Structure formats: structure tokens, C-alpha cells
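Architecture and fold: a report
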Amino acid sequence: MTYSYRHAVAAAIAGLLVAAPAACAAPASQHHHGHDMAGMDHHAMSAGTGLTSELNGYRLDGELAAAAEYRFRISGPDGRVVTAFVPEQTKQLHFYAIRSDLTGFQHLHPSLAPDGSWTAPLTPLEPGDWRLYTSFTPGSGPGKGSALVLSRAVTVPGAATPAALPPAAATAAVDGYTVTVAGAPKAGALKLTVSRDGRPVTDLQPYLESFGHLTAFHAGDQAFAHLHPEGGAATGEGGPDLRFHAELPGGGDWRLFLQFQTGGTLHTAALTLPAMPAS
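Here the structure is a predicted model, which means the values were calculated and not measured.

**Re the overall build of the protein**
The helix and strand tally for the protein stands at one helix and 19 strands. Burial status across the protein gives 48% buried among its 279 residues. Across the protein, the fraction of contacts at a sequence separation of at least 24, relative to all contacts at a separation of at least 6, is 65%. Roughly 12,400 Å² of accessible area belongs to the protein as shown, and the carbon and sulfur atoms make up 53% of that amount.

Shown next as C-alpha cells:
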């Protein structure tokens, strides 16, 4: 992406942003060797960006086992383990993992045990600092019907080699497909297109009730944003255009991960987009 295009996109995205008040908390104590760092990070942007383990009385507690399995529970304001959840995009809970350099993205859908415990079977995490997110909606209690994102930070021991954030770009390639930001984003909306060998792709299959699932993470602090697809539940085949309701809670660079499915195979494309803070 050229310098001028990068800034044009940044200016356009400014209209998408919802200002979020800054929030700071004292750094939590760290438990290395795969255990949690409890609480909110020092540079958390706000409680609404997934950078806290507690929100509105709900709490995430868990432990990473051998860098390949995360076992956790979610408790409610009454201290009891939550066992009822409202499905969102066909799943009771969405689980995400991302390293501090915004590599290693994983999006999983663990199963809920009768006692309220969850086990997320991760692809083994590389050494380094990671954040693990749970996105869910309680199905009972005072928070019933209100979506929440809670996370924990963990450190996987070993020699970590951080990767540089890829520069902002209007396109991303994955598995022979090309994903393109279609023009400049407009207020509240982001359009992406999928092509292959220069031709529009029209055989996208439904994945989680949509033809595309888009997640964003903020460079520097790993703030989380789920960009919801526009339109009703996907049926049949679709493409090449994918439209999302886009509200990012802060400026700077964001790493976007678009997931789409063709021929029964799930593809994940990643691209970096800049955003200017709301004035």
C-alpha cells in the first residue's frame, strides 16, 4: 500500500471508530510457564475491548496445559459457574488465541461440560506472550442476553522471536485466493471481496451463518474487535462481496483476520489496516 493510499484508508476508517475512554490498571502479577497473568493489562484501552478477565461481575479463570490445551470456567456475579449460554453464530462460545506480535491466530469452538468447564484444544502455541479470549452471551443471571468478551494473558516458555507487523495493505493472499478491501471503508461499514486468479469467487459456503467471519486485534495491546457481518443468515453459495458492520474502539494499526469457506475447507486471510482515532 502506498503512503497516500494508507492515509486515505486511515482517514476513511476514522468514521468507523467509536471513541473508547482510556483505562489503566496496575500491572497484574505474572505466572509464567503457561499459567495466567490475572486481571487487566496496564495499557488496556477499555473494559469493552476484551483486555480484562472480569467484567460486569463475570470472571474468566483458566490454565494452559502444555501449550496445547486451555481449560477454563466462567463464573457469574453470584460466584457460581455459568452453565447457560445464548448461541451466537451457532456457537455457545467463541475462543480466540493471538500472540503479542499478532501472529498465531486461532479461532475455536470448545464444548461445554455439564459442570460448566470448557477445554479448548489449541494448535500448540509457540513460545512468547499470548492472549486467550472468550466471547459469549450468558443465558441466565443478571447478564442474560448481554455479549461479553473476557481474556487472560499467558506466557509460553522458550525462546520467542517476535515477528514484525506486516505493513498496511489493501489485499491479502491465502490458499490461492485474494482478499481485497473494496474501496475506502465508509462510516460503519467495511466491504471485502474474494477473488481467485483475477476472477470473482461466487462459491463461498456458509461458515457460522455467514459467508465471512472477521476478527480484528489492535497492534500494541491486542485489543479485540469482532466485526459482525451484515445481512441475514447465509444459505447456499455466495460471494464475492462480504460486508461487515465496522466499529473499531481506537486508532492505530489493526490486524484483521477474515475466515471464509470453500469446498468444505476453511481459509484464513490476514491483513493490516490503519485507523485514526475518533475526534
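The discussion continues.
**Regarding unusual backbone geometry**
With omega at 0°, the peptide bond leading from Gly 239 into Pro 240 counts as cis. Here Pro 240 is to be found in the loop between strand 16 (224-229) and strand 17 (241-245). For Asp 197, which is not glycine, the phi torsion reads 55° and is therefore positive. You can see Asp 197 is positioned in the loop between strand 13 (189-196) and strand 14 (199-200). Phi is positive for Leu 208, close to 55°, though the residue is something other than glycine. By the secondary structure assignment, Leu 208 is in the loop between strand 14 and strand 15 (213-218). For Leu 208, a relative accessible area of 8% corresponds to the buried category.

**Focus on the side chain of Thr 193**
As for its placement among the helices and strands, Thr 193 is situated in strand 13. What makes Thr 193 buried here is its relative accessible area of 19%. When neighbours within four sequence positions are excluded, Thr 193 is seen to be in contact with Thr 178, Val 179, Thr 180, Ala 182, Pro 240 and Asp 241.

**Quick word on the sheet that holds strand 4 (residues 69-75)**
Pairing is antiparallel in the open sheet, where five strands are placed in the order 2-3-4-8-7. A single partner strand is all that each edge strand has here, and the edge strands are strand 2 (54-55) and strand 7 (111-112). In the sheet, strand 7 pairs with strand 8 (residues 117-121) via two bridges, with the strands oriented antiparallel. Directly across from Leu 112, in strand 8, lies its bridge partner Trp 118.

**Here we look at the pattern of salt bridges**
One pass over the structure, following the stated rule, counts seven salt bridges. Across the pair Asp 101 and Arg 99 runs a salt bridge, and its minimum N-O distance is 2.6 Å. Assessed through its relative accessible area of 9%, Arg 99 is described here as buried. Of the charged contacts in the structure, one is a salt bridge between Asp 241 and Lys 191, with a shortest N-O distance of 3.7 Å. Here the residue Asp 241 occupies a position in strand 17, and Lys 191 occupies one in strand 13, the gap between them amounting to 50 residues. Through salt bridges with shared partners, a single network forms among Glu 54, Arg 59, Asp 61 and Arg 152.

**What about the packing of aromatic side chains?**
If you walk through the whole model with that rule in mind, you get 15 aromatic pairs. A ring pair is formed by Phe 105 and Phe 257, whose centres lie 4.4 Å apart and whose planes are at 10°; its orientation type is stacked. On the criterion of sequence distance, the pair formed by Phe 105 in the loop between strand 5 (93-99) and strand 6 (106-108) and Phe 257 in strand 18 (residues 252-262) is long-range, its members being 152 residues apart. Just as Phe 105 is buried, Phe 257 falls in that class too. By the ring-pair criterion, three or more aromatic residues cluster together here, those being Tyr 70, Phe 72, Phe 85, Phe 95, Trp 118 and Phe 136. Arg 196 extends its terminal NZ or CZ atom over the ring of Tyr 177, reaching a point 4.5 Å from the ring centre.

**Notes on the pairing of strand 10 (residues 148-156)**
Burial of strand 10 is extensive: nine of the nine residues sit out of reach of the surface. A two-sided burial pattern is seen for strand 10, the buried positions comprising Leu 148, Leu 150, Arg 152, Val 154 and Val 156 on one face and Val 149, Ser 151, Ala 153 and Thr 155 on the other.

**Brief notes about the environment of His 94**
Mapping His 94 onto the fold places it in strand 5. Accessibility expressed as a relative area gives 2% for His 94, which makes it buried. Along the backbone, His 94 and Tyr 133 are 39 residues apart, and their C-alpha atoms lie at a distance of 8.0 Å. Apart from residues lying up to four places away in sequence, His 94 is in contact with Glu 88, Gln 89, His 107, Leu 108, His 109, Tyr 133, Thr 134, Ser 135, Leu 208 and His 213. For His 94, the side chain forms a polar contact with the main-chain oxygen of Glu 88, separated by 2.8 Å. At 3.2 Å, the side chain of His 94 and the side chain of His 109 are in polar contact.

**Concerning the confidence of the model for the protein**
Taken residue by residue, the protein gives an average pLDDT of 84. The fraction at 70 or more is 80%. Every residue in residues 1-6 is under pLDDT 50, and counting partners more than four places away or in other chains gives 11 contacts. Segment residues 8-47: pLDDT under 50, and 96 contacts once partners within four positions in sequence are set aside and those in other chains are kept.

Conventions we followed
- Counting from 1, residues in each chain are numbered in the order their sequence is written.
- Where local features are concerned, this predicted model is filtered to residues with pLDDT of at least 70; where side-chain atom pairs are given and counted, the filter is 80 or more; whole-chain, interface and lining totals use all residues.
- Side-chain numbers here rest on the full set of heavy atoms in the structure, without hydrogens or water.
- Strands here mean DSSP runs of E at least two residues long; helices mean DSSP runs of H or I at least four residues long; both are numbered from the N terminus.
- Only protein chains enter the accessibility calculation, which uses a 1.4 Å probe; a residue is then buried when its area is under 20% of its type maximum, exposed when over 50%, and partly exposed in between.
- By definition, residues are in contact when any of their heavy atoms lie within 4.5 Å.
- All accessibility values rest on the Shrake-Rupley procedure with a 1.4 Å probe; residue burial counts only the protein chains present in the view.
- Pairs of strands are assigned from DSSP output, requiring at least two bridges between the strands.
- When a carboxyl oxygen of Asp or Glu is within 4 Å of a side-chain nitrogen of Lys or Arg, the pair counts as a salt bridge.
- Put simply, two rings from Phe, Tyr or Trp (the six-membered ring, in Trp's case) pair if the centres are within 6.5 Å, and we call them stacked under 30 degrees between planes, edge-to-face over 60, tilted for the rest.
- Lysine NZ or arginine CZ positioned within 6 Å of the ring centre and within 35 degrees of the ring normal marks a charge as sitting over the ring.
- In protein, a polar contact requires one atom able to donate a hydrogen and another able to accept it; more generally it is a pair of N or O atoms within 3.5 Å, and residues adjacent in sequence count only if both atoms are side-chain atoms.
- One number per residue, pLDDT, summarises how confident the predictor is, and it ranges from 0 to 100.

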